[in-house]
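# Breakdown of the fold
As a plain string of letters, each chain reads:
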Amino acid sequence: MNPLYEKEYKIGASAEEVFKHTAETYYKWDAIKTGFVEDVHDHVDFNMNQEGNPSWKVDVKARKALKRGMPPQDAWVWIEAVTVKGTLGWLFGEADLIAFERENDFVLVKRVRLLSLVRDTFPNMEPSDLAPEEWPFNCWAQRKGRKDVIGLLSFETIFKNLNVTFWNKNNE
């Protein structure tokens, strides 16, 4: 595995472990890790169950830096419309909820509502061809020679427009 992807995989796996611990320990949900196909192709990390509540499919997103080499931050989230393989990204996946990791909590958002917000916020689905450091926020971008189409959306925009649930990592 490419060392860069291996590092990103480990960061994602760590966020999933913290999410599972948080869900089961503090919120009393059973978080059942999905298999390879559901994880990679359907963009679902966990099937969530709790007696007396509906089941949920959740995709966990680790904290990310704005640029490689920078520390992770909690102001913006990367939105994936198309993967590096050229398939539909997690925004169009099968998850009911997206759980964005932040330093002290997870922000849970209904994926279909997020998709609607992105469609309303981003000017179009046509990617720009700018270098990453030139990308404007709240629009699509594509790196030269890559198939993925990604964009940055602010948590501020999410909080102003969507109902979200906060799960504190330490339940404090």
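Now for a look at the structure at hand. What you are looking at is a predicted structure, and each value in this text was computed from that prediction instead of being measured. Here the residue numbers are simple positions, counted from 1 along each chain's written sequence. Local features in this predicted model are restricted to residues whose pLDDT is 70 or higher, and side-chain atom pairs enter the listing and the counts only when it is 80 or higher, whereas totals over whole chains, interfaces and linings include all residues. For side-chain calculations, the full set of non-hydrogen atoms in the structure is used, while hydrogens and water are omitted.

## Focus: the overall build of the chain
Note on conventions: DSSP H or I runs of at least 4 residues are helices, E runs of at least 2 residues are strands, and numbering of each starts at the N terminus. Each helix and strand in the chain was counted, giving four helices and nine strands. By definition in these notes, contact holds between two residues if any of their heavy atoms fall within 4.5 Å. Across the chain, every contact between residues at least 6 apart in sequence was considered, and the portion connecting residues at least 24 apart equals 55%.

## As for the pattern of salt bridges
Only one rule defines a salt bridge in this text: a Lys or Arg side-chain nitrogen within 4 Å of an Asp or Glu carboxyl oxygen. Within the structure shown, the criterion is met by 11 salt bridges. A salt bridge links glutamate 6 to lysine 10; the shortest N-O distance between them is 3.5 Å. Placement of the pair is glutamate 6 and lysine 10 together in helix 1 (residues 3-26), with a separation of four residues, close to one helical turn. A relative accessible area of 52% places lysine 10 in the exposed class. Residue lysine 20 is joined to glutamate 24 by a salt bridge in which the shortest nitrogen-to-oxygen separation is 2.9 Å. Taken together, the residues span about one helical turn, with lysine 20 and glutamate 24 both in helix 1 at a distance of four residues. Buried means the residue's accessible area, taken with a 1.4 Å probe over protein chains only, is under 20% of the maximum for its type, while exposed means over 50%, and partly exposed covers the values in between. By relative accessible area, which is 29% here, lysine 20 ends up partly exposed. Glutamate 24 gets classed as partly exposed once you look at its relative accessible area, which sits at 31%.

## Concerning the side chain of aspartate 45
You can see aspartate 45 is positioned in the loop between helix 2 (36-40) and strand 2 (46-49). With residues up to four places along the chain from it excluded, the contact list for aspartate 45 reads Glu16, Ile32, Lys33, Thr34, Asp39, Val58, Asp59 and Val60.

## Side note on the layout of surface pockets
As defined here, a cavity is a set of points on a 1 Å grid over the protein atoms alone where a 1.4 Å probe fits but cannot get out. A pocket is an open set with protein on both sides within 12 Å along at least five of seven lines, and residues line them when an atom is within 4 Å of a point. Grid points are joined across faces, edges and corners, and a volume is the space filled by probe spheres set on the points. Approximately 180 Å³ is the volume attributed to the second largest pocket. Lining the second largest pocket are Phe19, Trp29, Met48, Trp56, Val58, Leu97, Leu108, Val109, Lys110, Asn163, Thr165 and Trp167. Secondary structure elements with two or more residues in the lining of the second largest pocket: strand 3 (56-61), strand 6 (105-110) and strand 9 (165-168). Amino acids outside the nonpolar list (Ala, Val, Leu, Ile, Met, Phe, Trp, Tyr, Cys, Pro) and the charged list (Asp, Glu, Lys, Arg) are all regarded as polar, and Gly is one of them. Among the residues forming the lining of the second largest pocket, the class breakdown is nine nonpolar, two polar and one charged.

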